[in-house]
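# Summary of the model geometry
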Amino acid sequence: MFEDDRWSEALEIARTLGVKEMACAGGIRAATADDWKKYADLLNRNGARTNKEGLQLGWHNHGEFKPIDGQVPFDILLNNTDPALVKFQIDVGNMAQAGGDPVAYLKNYPTRYYSMHVKDVKDGRIGFAVGEGTQDFPTLFKLAKAANIHNFDVETGAPAAEVMDKVKLSADFLKGFPLV
């Protein structure tokens, strides 16, 4: 909804909901590192637009961790967006599934995130309750606290028939983390 013809509608929805952040979902198709840099420029422009409205622009990662032209697309976005205009909603499950290291990204870019999708991964797959997979949540939550991440969303990626059971298991697991 960041296109000019839908921008007013996006702002109206944001104001109605009382949100302070607007997130763009990942999953764009860019063939070259230069395409990713152009996309970073677009995020900066949209970040300036949201900033003028008192909103923070966020970007949510999906599978942007395979190098293109020798560069990791997510790194291109981190290094070519203005930290004052563009923050990131780190999806630790998507990141790990796509070959990225969420612990390393939180350590290397601690000021770039406002939100975390808490999602577990196992054997390269998602669809598990948080705590059923192999993510290092004690370290992730410690780094998230140090990074001042203030928004956490549990997402399992589980099939519809299992999602509520996975969410309950996730909630039970997360009760043991006072950092969240």
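The following paragraphs examine the structure supplied in this document. (Residues numbered from 1 in each chain as written. Predicted model: local features only at pLDDT ≥ 70, side-chain atom pairs only at ≥ 80, totals over all residues. Heavy atoms only, no water.)

### Side note on the environment of Ala30
Note the cut-off: Numbering of helices and strands starts at the N terminus; helices are DSSP runs of H or I of at least 4 residues and strands are runs of E of at least 2. Each residue gets one of three labels from its accessible area relative to the maximum for its type: buried under 20%, exposed over 50%, partly exposed in between, using a 1.4 Å probe on protein chains only. In what follows, residue pairs with any heavy atoms lying within 4.5 Å of each other are defined as contacts.
Along the chain, the position of Ala30 falls in the loop between β1 (21-25) and α2 (33-52). According to the relative accessible area criterion, Ala30 is buried, its value standing at 15%. When the C-alpha atoms of Ala30 and Glu64 are compared, they prove to be 9.8 Å apart, with 34 residues separating the residues in sequence. The residues contacting Ala30, other than those within four sequence positions of it, are Asp35, Trp36 and Ile68.

### A closer look at the pairing of strand β2 (residues 56-60)
Using the following cut-off: Should DSSP find at least two bridges between two strands, the strands are taken to pair.
Most of β2 is tucked away, with five of its five residues classed as buried. The alternating pattern of β2 places Gln56, Gly58 and His60 and Leu57 and Trp59 on opposite faces, both of which are buried. Pairing of β1 with β2, which is carried by five bridges, proceeds in the parallel orientation. Each residue of the ladder has a partner; that of Glu21, found in β2, is Gln56. Bridge count between β2 and strand β3 (residues 86-91): four bridges; the pairing is parallel. Its bridge partner lying in β3, Trp59 is registered against Phe88.

### So, the environment of Phe152
Among the secondary structure elements, Phe152 is positioned in strand β5 (residues 151-154). Overall, the relative accessible area of 24% leaves Phe152 in the partly exposed class.

### Observations concerning the packing of α2 against helix α3 (residues 73-80)
The condition is simple: All axes are obtained by fitting lines to C-alpha atoms, using only the stretch in contact for helices, and the reported angles, taken between N-to-C directions, cover 0 to 180 degrees. Oblique is the label for every angle not falling under 35 degrees (roughly parallel), over 145 degrees (roughly antiparallel), or within 65 to 115 degrees (roughly perpendicular). It is the rotation of the near helix from the far one that decides the hand of a crossing: anticlockwise by less than a right angle makes it left-handed, clockwise makes it right-handed. Three classes are used: nonpolar for Ala, Val, Leu, Ile, Met, Phe, Trp, Tyr, Cys and Pro, charged for Asp, Glu, Lys and Arg, and polar for all others, with Gly counted as polar.
Orientation of α2 relative to α3, taken along the N-to-C sense of each, is 40°, at an axis distance of 9 Å. As summarised for this structure, α2 and α3 are arranged oblique, according to the angle between their axes. Helix-helix and strand crossings are classified by hand; for α2 and α3 the assignment is right-handed. Within the contact between the two elements, α2 uses Ala33, Trp36, Lys37, Tyr39, Ala40, Leu43 and Asn44 and α3 uses Pro73, Ile76, Leu77 and Asn80. Counted by class, the contact of α2 with α3 contains eight nonpolar, two polar and one charged residues.

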